[in-house]
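Each chain is listed here by its residues.
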Amino acid sequence: MFFSRQNKIGIARELIGWVTLSMLATGLALIVLLNISVGVPMERELRDEADRVSQAYALSLREAVWNLDVDAIRQGLNHQPMTIDIAAVRVFTEYGDLIVEEMFLDVSIRESVCRRQAILQGPEIIGFVEVAMSRRRVAGLRAIIGSATSLVVLVAVACTILVALVLVRVLIAQPLQALGNGLDLIAEGNYHHRLSDVRHSEMDMINHQVNRMAEQIAERTGQLESLRDNLATLVENRTRALAESNRRLEEEGGRRKAVQNRLLVISTLEQQRIGRDLHDTLGQQLAGVGFIAGSLIKTLGDKGLPEAETACQVSKLISESLGQVRRIARGLTPSELNGRTITFALQ
């Protein structure tokens, strides 16, 4: 198949990974924003509370600090109204020497907000009181906000993953599967297959392009098939015409050969006739003239006339002419044909 199961799983994993990263980044940004929007005001409120408590201690412990009465200072610290966020209270002399330290909560300095207030006796500073307010309430609230935000982010990530899987299946996997099946059919030669429209503009554009490609391939294939059929018809017609031409040439050759044979026979017969005519007519006449000339020579010779010599010459010429006529007659009528047919001679 065009899109295998591994390809679809890879696409889903990549999409889920990007969605998860984006949701985690959004969750972290949300936690930071909530900490800033909630934690900062609470931190400010905690510092204000520490200032208020330190001012109250400075007023209530002024006489005890002036007299450096440690027991009175401790008693004042224990009887002073306290809040649940007070971690420790320290009282110092004006020189910074520690007089009393009361620990109410086991917290470190990093987990508390310390505010120092001067203890005045008139215009003179006689000591300092330092109040440490615990940040546990703020930290707990921040932890609750972080946990709640993380839970919300995890739920949102899970919902987003589910939605992404559904969207991947509906908008990507199914259209891609249909596209792959269509391309497989087109690759197998089914050029009339068309991809249907989907609810996705990019996939619709791809499907339209694939359908257009299939139409062009089908058109070109039809043209090639038409050209092939035309070529086969043309070759068949040319072959038939060539065979007909060869047949006509063979017939014409046969007719010409027959005409040539007939002309040869007629020519031979005509030669024989001319030969016979020369032999039978002119030859006989010359032979008769030769006999007459011989008789004339004898008569003239008996009478002793001088014309006898001329008559001898004439008889000689007649004999030569008769010999030439006989040779011509023999040439026009070959001896091989004597007693044989013309067809045998032609063969």
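What you see is a predicted model; the values in this text were computed from it and never measured.

## What about the overall build of the chain?
Right, so step 1: Per the secondary structure count, the chain includes 7 helices and 4 strands.
Right, so step 2: Secondary structure of the chain in N-to-C order comes out as α-α-α-β-β-β-β-α-α-α-α.
Right, so step 3: Counting contacts in the chain only where the partners sit at least 6 residues apart, residues at least 24 apart contribute 66% of the total.
Right, so step 4: When the accessible area of the chain is evaluated, it comes to approximately 23600 Å², of which 59% is carbon and sulfur surface.

## Some points on the packing of aromatic side chains
Right, so step 1: If you walk through the whole model with that rule in mind, you get 0 aromatic pairs.
Right, so step 2: Positioned above the aromatic ring of F92, the side-chain terminus of R116 is 4.7 Å from the ring centre.
Right, so step 3: Looking at R116, its charged tip hangs above the ring of F128, at a distance of 5.7 Å from the centre.

## Considering the nonpolar core
Right, so step 1: Core analysis: the biggest nonpolar cluster contains 23 residues, and Y57, I73, L77 and V91 have the highest contact counts within it.
Right, so step 2: Mapped by element, the contributors of at least two residues to this core are helix 1 (5-60), helix 2 (62-66), helix 3 (70-79), strand 1 (86-93), strand 2 (98-103), strand 3 (112-121) and strand 4 (124-134).
Right, so step 3: Top contributing element to this core by residue count: helix 1, with 6 residues.

## Digging into the confidence of the model for the chain
Right, so step 1: For the chain, per-residue confidence averages 77 on the pLDDT scale, and residues scoring 70 or more make up 80% of the total.
Right, so step 2: Model confidence for the chain, summarised as mean pLDDT per element, is weakest for helix 7 (residues 342-346) at 45 and strongest for strand 4 at 88.
Right, so step 3: Every residue in residues 336-347 is under pLDDT 50, and counting partners more than four places away or in other chains gives 12 contacts.

## Thoughts on the sheet that holds strand 3
Right, so step 1: Judged by pairing direction, the sheet is antiparallel, and its 4 strands sit side by side in the order 2-1-4-3 without closing on themselves. A single partner strand is all that each edge strand has here, and the edge strands are strand 2 and strand 3. Pairs of neighbouring strands in the sheet enclose a mean axial angle of 15°, with direction left out of account.
Right, so step 2: Relative to strand 4, strand 1 runs antiparallel, the two sharing 7 bridges. Bridging from a neighbouring strand, V89 pairs with V131 of strand 4.

## Details of the side chain of S134
Right, so step 1: Along the polypeptide, S134 turns up in strand 4.
Right, so step 2: Taking relative accessible area as the criterion, S134 reaches 3% and is therefore assigned buried.
Right, so step 3: In this view, S134 contacts L46, D85, A87, L105, V107, E111 and S112; residues no more than four positions away in its chain are not counted.

## Considering the pairing of strand 2
Right, so step 1: Where strand 1 meets strand 2, 5 bridges bridge the pair, whose relative direction is antiparallel. Bridge pairing links A88 to M103 in strand 2.
Right, so step 2: Between strand 1 and strand 2, which pair antiparallel one after the other, the connecting turn spans 4 residues, and G96 there sits at a positive phi close to 95°.

## A closer look at the side chain of S315
Right, so step 1: On the secondary structure map, S315 appears in helix 6 (residues 307-332).
Right, so step 2: The class for S315 is buried, based on a relative accessible area of 14%.

What counts as what
- Residues numbered from 1 in each chain as written.
- Predicted model: local features only at pLDDT ≥ 70, side-chain atom pairs only at ≥ 80, totals over all residues.
- Heavy atoms only, no water.
- Helix = DSSP H or I, 4+ residues; strand = E, 2+ residues; numbered from the N terminus.
- Contact = heavy atoms within 4.5 Å.
- Areas by Shrake-Rupley, 256 points an atom, 1.4 Å probe, with all protein chains shown as cover.
- Phe/Tyr/Trp six-rings, centres within 6.5 Å; stacked < 30°, edge-to-face > 60°.
- Lys NZ or Arg CZ within 6 Å of the ring centre and 35° of its normal.
- Core = buried A, V, L, I, M, F, W, Y, C linked by side-chain atoms within 4.5 Å.
- Buried < 20%, exposed > 50% of the residue type's maximum accessible area, 1.4 Å probe, protein only.
- pLDDT = per-residue confidence, 0-100.
- Pairing = 2+ DSSP bridges.
- Axes fitted to C-alpha atoms, helices over the stretch in contact; angles between N-to-C directions.

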